[in-house]
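Now for the letters of each chain:
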Amino acid sequence: MSIEVIGADLFYGSGQRKLHALRGVSLKVPNESSCGILGLSGCGKTTLLRSIGGFETLDDGDVIICDQMVTKEPPSKRGVGYVPQLGEVFAGLTVWRNIAIAVPEGMNKKEVLLEATLSSGLEPELLKRDSVQTLSGGQKRRVAIARLVASHASVWLLDEPFNGLDAPRRRELRKELKYLSQDRGATMLVVTHDQADIEGLDVDYLAIMNNGQIEQFGTRKEVLSRPSPAARKLL
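Cut-offs and rules
- Every chain's residues receive numbers from 1 upward, in the order its sequence appears when written.
- Totals for whole chains, interfaces and linings use every residue, but because this is a predicted model, local features are given only for residues with pLDDT of at least 70 and side-chain atom pairs only at 80 or more, for both listing and counting.
- No hydrogens and no water enter the side-chain calculation; it runs on all heavy atoms of the structure.
- By definition, any uninterrupted DSSP run of H or I lasting at least four residues is a helix, any uninterrupted run of E lasting at least two residues is a strand, and each is numbered from the N terminus.
- Relative accessibility thresholds used throughout: buried, under 20% of the residue-type maximum; exposed, over 50%; partly exposed, between the two (1.4 Å probe, protein chains only).
- Here a residue-residue contact requires only that any non-hydrogen atoms of the pair lie within 4.5 Å.
- Two rings belonging to Phe, Tyr or Trp (six-membered ring only in the last case) form a pair when the distance between their centres is within 6.5 Å. Interplanar angles under 30 degrees mark stacking, angles over 60 mark edge-to-face geometry, and anything in between is tilted.
- By the criterion adopted, a ring carries a charge over it if an Arg CZ or a Lys NZ lies within 6 Å of its centre and within 35 degrees of its normal.
- What makes a salt bridge here is a side-chain nitrogen of Lys or Arg within 4 Å of a carboxyl oxygen of Asp or Glu, nothing more.

**Q** Tell me what's going on with the environment of isoleucine 208, and back it up with residues and numbers.
**A** Relative to the assigned elements, isoleucine 208 resides in strand 9 (residues 205-210). Look at isoleucine 208 and you get buried, because its relative accessible area is 0%. Spatially, the C-alpha atoms of isoleucine 208 and valine 223 are 8.5 Å apart, while their sequence positions differ by 15 residues. Not counting chain neighbours up to four residues away, the residues in contact with isoleucine 208 comprise Leu38, Gln213, Ile214, Glu215, Gln216, Val223, Ala231, Leu234 and Leu235.

What follows is the structure, given as structure tokens:
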């Protein structure tokens, strides 16, 4: 599914504490391609991702997914899968239930879970764990990714999916996400502050964000080979 954001504006708070989190943001990511959103902490990356997913409400502008206006639609109506920062899991659920909750109705849960578990690199025996609290940070991240795969969503939104992982695990997970998104024909947006993630994922497109705005957007090769003056400061 293609993703398009048109003139997105979003404010937090009110009065003197009013924060202009998104400032007229626009971008378009073609079907079955990948896009990295790169910028420093607090620049609006997560807000943009959550707005695309329907987890934040825009004050102005539109979100279009697969040529359908979804600006007013809830996340469940957008066909998106979302992995928040730190790969959050549901503490009150077993590992099995953490993944099974995303399986679409009418599908064989056991088959989907096994496939999602294996493809995300999560050890199958972990499905038997009664609690996710005993999992390591890396294992929790893989549970979140397995849930994403199990959802059969056409749009993947990942917020800092490699945070807190050591270098070998980061490299391994980058390769797996790149393969999985291509294998599933998903359109993938990945938020990160680390240029190494962008290069490791070999994304098709790259958006450089700063102060709630996109400083530059284009193919990854275009942006990295010919960065604008503003984008150059962030790379």
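**Q** I'd love a proper account of unusual backbone geometry, names of residues and values included.
**A** We note that cysteine 66 has phi near 55 degrees; this positive angle belongs to a residue other than glycine. By secondary structure assignment, the location of cysteine 66 is in the loop between strand 4 (60-65) and strand 5 (68-69). Among the residues examined, cysteine 66 registers a relative accessible area of 35% and is labelled partly exposed. Its identity is not glycine, yet histidine 152 carries a phi of approximately 55 degrees, on the positive side. Along the chain, the position of histidine 152 falls in the loop between helix 4 (137-150) and strand 7 (155-159).

**Q** Just give me the short version of the packing of aromatic side chains, but keep the residues and values in it.
**A** With the rule as written, the count across this model stands at 2 aromatic pairs. Pairing tyrosine 205 with phenylalanine 217 gives two aromatic rings, centres 6.0 Å apart and planes at 15 degrees, and the pair type is stacked. Linking tyrosine 205 in strand 9 with phenylalanine 217 in strand 10 (residues 213-219), this pair joins segments that are 12 residues apart in sequence. In this structure phenylalanine 217 comes out as partly exposed when scored by relative accessible area, which is 30%. Against the face of phenylalanine 11 rests lysine 18, its NZ or CZ located 4.5 Å from the ring centre. Between the NZ or CZ atom of arginine 174 and the centre of the ring of phenylalanine 162, over which it lies, the distance is 5.8 Å.

**Q** Got a sec to walk through the pattern of salt bridges? Specific residues and values, please.
**A** Evaluated as defined, the whole model comprises 10 salt bridges. Note that aspartate 197 is salt-bridged to arginine 174, the shortest N-O span being 2.8 Å. In this pair, aspartate 197 sits in helix 6 (residues 195-201) while arginine 174 sits in helix 5 (residues 167-184), placing the two residues 23 residues apart along the sequence. For the pair aspartate 197 and arginine 174, one class covers both residues: buried. Residues joined by salt bridges that share partners form a network here, namely Arg170, Arg174, Asp194 and Asp197.

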